[in-house]
Amino acid sequence: MTTRTGASSGASRLILAALILAGGIGLIYWRLVVTNRVLATGDAFTYFLPYRDFANASLREGNLPLWNPYLFLGVPFLANPQTAVLYPPHWLFIGIEPAKSLIASVVLHLWIAGLGMVIYLRRVAGLRWVPALVGGLLFALSGYLGAHVGQVNQVSAAAWLPWLLWLLEEATGNRWRQVGGVDHTIESVPGINLFALAGLALVIGIQLLAGHSQASFINLVGTGIAALWPGIVALGAWAGRRIQKKPAPFSTTAFKETGVRLVVLASAVILGLLISAVQLLPTLQLTGQSVRSAGLPYREVVSFSLQPRGLLLSLLPTYGENLADRFGTPAFSEYLAFVGVTGVVLAMLAILNAARGKRDQTILSPMGLATAFVFLGIFLGFGLYNPVYYLLYLLVPGFDLFRAPARWMLLYTAGVSVLAAYGVQGLSAALPRAGGLSDGMRQLTGKRRLLFVILVILTLAFLVLQKWPNLLTLVLWVIAGGLTLFFVAWPRLARWRAALLIILILGELALASLSLNHARPTAPEAVTSLRTAPAHLLAANQQAVESGRLPGRFLSMSGITYDPGDLAEIERIYAGQLPEQAIYDLVVATKLQEIVAPNLALLWRLPGVDGYGGGVLPLQRFVQLQSLLLPEGEISADGRLREQLHTVPPSRLLRLLGVDHVITDKGFDAWVDGVYYDLELSTELEPGEQVEIDVGNRLESTRLGLFSHIQEGESLPENSPVAEVSVVTTTGDQRGFILVAGRDSAEGEWTSASNHAQPQVRQPWSHDSPGWDYLASLEFAQPAALETITVRSMIPEGDFVLRGISLIDDSTDAHAALTLPADGGFRRVHSGDVKVYENLQTLPRAYVVHKATIVADDGAALESMAQPDFEPGDQAVLVQGDLEASGLLDWANSLTGKDGLAHVTPISYEPERVIVETTLESPGLLILGDTWYDGWHALVDGAEAPILKANYLFRGIALDQGSHRVELVFQPESLRTGAIITGLGYLLLGGLLIAGLLRRYGRR
């Protein structure tokens, strides 16, 4: 009867603790919980929101999303662990809108993190409920988890750390309790708890599905240290006695216990890997072809290392102060790991109390492990500033796969939360007596006194060298610390001490959270508002589908430095409803929506060229393909092209990528005297070369404005002719103008040492390139509507670069910027906050070529495609080894290269299934402009056919003459094998539970 009462009381207190945790989370995150506002900053908006939307939509339809055709020219979806498609807690929210799905997931996992810490502190550390609750609140509401709310998967995985620590101890049967608030004693339960072992394996498997491999790695390293802890303590004690030249018998008991713990953990890890194999095997396959296949360079690994001079600002809250400038990077949230001044003070009190207890038992207890976590989290977090980290990078598997060493501060956060709970537990002996301190000082003699002095000097030097917050934050630190000590030391407050400390913790962390992104959610329109540029692309894609074509891709190369045209309206609507910072975030999100920044293309289901990886994506082949577009030093390993591209790529490369539309901004266009000039597209004319521009605008004009410059024309004498401009009006009249050096145009890199004078109006080249464009004004004798404009270069050497032309009617102040033909021809189909150009010479997504260029290897393929005479619509570059492996070398050599009739009709295009029908008059290679990836299977008229890597990255299927039905299906073998292994893993898990039941009832 007593047992039942105790169990009932324990369950009710656990429920109460869970409710208080939920209330604390609601207090800090109320803006996300009780309002309709959304997270629209950083990765939460541009990365995880599109992924969650795509996954939820697919799962609601009963489909397992395996392939993502919208980013990186097509990539695996489920195999990317950050999509977390198979993570069970996410399934709870597939029915709600994606922005709220993210928020619900974050809140749930913060609660899971806090509850796990409470259980760990109760069941393993043997603390009372109130101290355990304090530890849970500090961990769940810490700056570490709060700062990473935008990285939803990181919070999801990190939340399981205390559960792993608890279940490890449950499985090995160790319990700790305190005697007198200071001393520790251990109670052991014989045998291995099979239920806990099964639970440990299940949690390991689940956290591997959460989608953040680095957080899972940190969790397992922390759990591994916990398993090794008895052996580490025993080895340390033995070494210490040897150094002091005392008898040092080598105890084997601790090492036997450690061996058992390692076996338990290894068994759980193996079973957890089996459970999660359905995710891990596809991820391993993807990793082998990704940018991380060979690990990351050390410089990348140690990016976002914890800064020694910024340690105080990492460990203590700043109560709303923006520290981006002090950390020297806008990603300062990576460095935050505060638990509040109150939490730090309580943790320090716990260490002071422990010094008065039994040292060996304290070190061996969870308190000793927590202290090690605090040290290890900071030590590894230093990364770049820690020489040991380089050795770990070289020698320890896993350290070369992840960047941002500051994320090791997860261990610090867990450790200091545990110590703070111990501090509350020992409040009856919280502060050592003054006499005790003085007695301790008198005992410091000789070397120990010198060591103490050195430590004091080093501490003072550390504080002097630190970066400090503003005065208000310093005052608040003092107030929080003073109140903590007051609540602890004042005897009359003993009855209310716990409640006062919890209130202080919640209040301080609520104030500290004001510096974090989650404290400024913005209006839901940041997600739902359809801007004009993506609306135009959606309409164009719908038109393509209705005409029987596959939608083309778009390439965005726009920045967000512009102001939206409806900025004033946005500010007027939301003034008084949203804080100023939230309005700012809404404006930024609006601009990102306008340019369809990665990965928002997935949100709108718009096929894009690039994307944003940051993990196992993009594929290595996609990164290498960027060498056709960018110099080697400007290639982005995470796949983003938008920030790297400064000019529209050559038309033949856009055709290769299947680009129908290009989005650019107006940041480097020109407004002169109220006239707009579009300077995005340039036309370079060699001596004697000319270009004809179809005006397409019947604006009656009084003059032309023409921006241009000359390349490599330094020797041109002043007033020498550089170009002839001829216009034909709609009535057939012709008019001509001669542009001369020094008045109408000039050498692009003009300096005062040039031979000719500088024209009156000039515009700097884009993206900080050295040089200028120059404006010429060509006036008509009388107004006229133009039909065509022809520009011919007259310079004897160099190039005349035409940058922009605008029609101007001075009588009405009307003007119209023309689109230059550039390379291949473009048409500006939208001009608003940004511009959208249609590529007039694109290729369909599925087409046939009749000529193959066979090269030795992949490097030679890229070199061949980089040549100016490479035309993707006429030929395909194939690697000889691939042809030999598929038995198609002779077939490829037999291609005539003659253009025969070839019709390609798309029948169905779904992410994992593509069907086209073809009719060929002669053999040819069907090219689907989507990424080649192992796991795609082709059926030609129902028979299996090989898929070649065509043009380095794309899919090619060999076809003979005649009519064919070609079906491509994505069915990766890694998923099938992983699913079988996962099934076996769950069978083993069930066997463990059955064995546990048999053992329990067998004993009875």
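Before reading further, recall that the structure is shown in the block above.
Given the structure is predicted, the values throughout are model-derived calculations rather than measurements.

Engineer: Outline the pattern of salt bridges, listing residues and values.
Structural biologist: Taken as a whole and judged by the stated rule, the model has 29 salt bridges. A salt bridge links D638 to R640; the shortest N-O distance between them is 2.8 Å. Residue classification places D638 among the buried residues on the basis of a relative accessible area of 14%. Residue classification places R640 among the partly exposed residues on the basis of a relative accessible area of 28%. Its salt-bridge partner being E724, residue R792 comes within 2.9 Å of it at the nearest N-O pair. Placement of the pair is R792 in strand β15 (residues 772-793) and E724 in strand β12 (residues 721-729), with a sequence separation of 68 residues. Given a relative accessible area of 28%, R792 falls into the partly exposed group. On the basis of relative accessible area, E724 is assigned to the partly exposed category, the value being 25%. Connected through shared salt-bridge partners, D669, D678, E680, R828 and K835 make up one network.

Engineer: I'd like a description of the sheet that holds strand β25 (residues 924-931), backed by residues and values.
Structural biologist: Spatially, the 4 strands line up as an open sheet ordered β20-β25-β29-β28, and their pairing is antiparallel. The sheet is open, and its two borders are formed by β20 (846-849) and β28 (948-950), each paired with just one other strand. Taken over all neighbouring pairs, the strand axes of this sheet differ in orientation by 40° on average, direction set aside. Where β25 and strand β29 (residues 954-959) come together, 6 bridges link them in antiparallel fashion. Bridge assignment links L926 to a residue of β29, and that residue is I957.

Engineer: I'd love a proper account of the environment of T283, names of residues and values included.
Structural biologist: Looking at the element boundaries, T283 is found in helix α12 (residues 277-288). Judged by its relative accessible area of 10%, T283 is buried. For T283 and D678, which are 395 residues apart along the polypeptide, the C-alpha to C-alpha distance reads 45 Å. Filtering out sequence-adjacent residues up to four positions away, T283 remains in contact with A79 and P81. A distance of 2.9 Å separates a polar atom in the side chain of T283 from the backbone oxygen of Q279.

Engineer: So, helix α26 (residues 532-546): which residues are in play, and what are the values?
Structural biologist: Counted at 1.5 Å a residue, the expected span for α26 with its 15 residues is 21 Å, and the 21 Å between its end C-alpha atoms agrees. For α26, the full list of buried residues reads A533, P534, L537, A540, N541 and A544. Looking straight down α26, one finds its buried side chains confined to an arc of 120°; they lie on one side. Those residues of α26 that are exposed and aimed more than 90 degrees away from the buried face are Q543 and E546. Along its buried surface, α26 packs onto β5 (553-556), α28 (580-595), β6 (659-664), β18 (826-831) and β19 (835-839). Once α26 finishes, G548 follows within two positions and takes phi at roughly 85°, a positive value.

Engineer: Outline the pairing of strand β17 (residues 814-817), supporting the account with residue identities and numerical values.
Structural biologist: As paired elements, strand β16 (residues 799-809) and β17 share 4 bridges and run antiparallel to each other. Across the sheet, D809 pairs through a bridge with A814, a residue of β17. What sits between the antiparallel neighbours β16 and β17 is a turn of 4 residues, in which D813 has the positive phi angle 60°.

Engineer: Talk me through the side chain of S305; I want residue IDs and the actual numbers.
Structural biologist: Structurally, S305 is set in the loop between α13 (298-301) and α14 (311-315). Engagement of the side chain of S305 in a polar contact is seen with the backbone nitrogen of L384, the distance being 2.9 Å. The contacts of S305, once residues within four sequence positions are left out, are Y335, G381, F382, G383, L384, Y385, P405 and A406.

Engineer: Kindly report on the packing of helix α8 (residues 161-172) against helix α9 (residues 194-209), identifying the contributing residues and their values.
Structural biologist: In the contact formed by α8 and α9, the axes pass within 8 Å of each other and the chain directions differ by 155°. In terms of axis orientation, α8 runs roughly antiparallel to α9. Judged by the twist between their axes, the crossing of α8 over α9 is left-handed. Every residue of α9 that contacts α8 at W163, L164, L167, L168, E170 and A171 is listed here: A196, L197, G199, L200, V203, I204 and Q207.

Engineer: Before we move on, can you summarise the packing of aromatic side chains with the specific residues and values?
Structural biologist: Per the counting criterion, the structure on display carries 29 aromatic pairs. Each ring, one from F399 and one from W408, has its centre 5.4 Å from the other, and the planes form 10°; the classification is stacked. Assigned by exposure class, F399 and W408 land together as buried. Ring pairs connect the aromatic residues Y47, F48, Y51, F54, Y70, F77 and Y612, which therefore count as one cluster. One cation-aromatic arrangement involves K949 over W932; the distance from NZ or CZ to the ring centre is 4.3 Å.

Engineer: How would you sum up the packing of helix α16 (residues 340-354) against helix α24 (residues 497-512)? Please name residues and give values.
Structural biologist: Direction vectors running N to C along α16 and α24 enclose 135°, while the axes themselves pass 7 Å from each other. The angle between α16 and α24 falls in the class oblique. Taking contact as the criterion, the partners of G340, V341, T342 and L346 in α16 are, on α24, L501, L504, I505, E508 and L509. Class assignment for the residues of the contact of α16 with α24 results in 6 nonpolar, 2 polar and 1 charged.

Engineer: Hey, could you go over α28 for me, with residue numbers and the actual values?
Structural biologist: When the terminal C-alpha atoms of α28 are compared, their 23 Å separation across 16 residues agrees well with the 22 Å that a helix rising 1.5 Å per residue should span. Burial of α28 is extensive: 12 of the 16 residues sit out of reach of the surface. Among all positions in α28, only A582, I583, D585, L586, V587, A589, T590, K591, L592, Q593, E594 and I595 are buried. Remark: V596 follows α28 within two positions and exhibits a positive phi of approximately 50°.

Calculation criteria
Residues numbered from 1 in each chain as written. Predicted model: local features only at pLDDT ≥ 70, side-chain atom pairs only at ≥ 80, totals over all residues. Heavy atoms only, no water. Salt bridge = Lys/Arg side-chain N within 4 Å of Asp/Glu carboxyl O. Buried < 20%, exposed > 50% of the residue type's maximum accessible area, 1.4 Å probe, protein only. Helix = DSSP H or I, 4+ residues; strand = E, 2+ residues; numbered from the N terminus. Pairing = 2+ DSSP bridges. Axes fitted to C-alpha atoms, helices over the stretch in contact; angles between N-to-C directions. Contact = heavy atoms within 4.5 Å. Polar contact = N/O pair within 3.5 Å; in protein donor to acceptor, adjacent residues only side chain to side chain. Expected span 1.5 Å × (residues − 1). Arc of directions from axis to C-beta. Parallel < 35°, antiparallel > 145°, perpendicular 65-115°, else oblique. Left-handed = near helix turned anticlockwise from the far one by under 90°. Phe/Tyr/Trp six-rings, centres within 6.5 Å; stacked < 30°, edge-to-face > 60°. Lys NZ or Arg CZ within 6 Å of the ring centre and 35° of its normal. Nonpolar A, V, L, I, M, F, W, Y, C, P; charged D, E, K, R; others polar.

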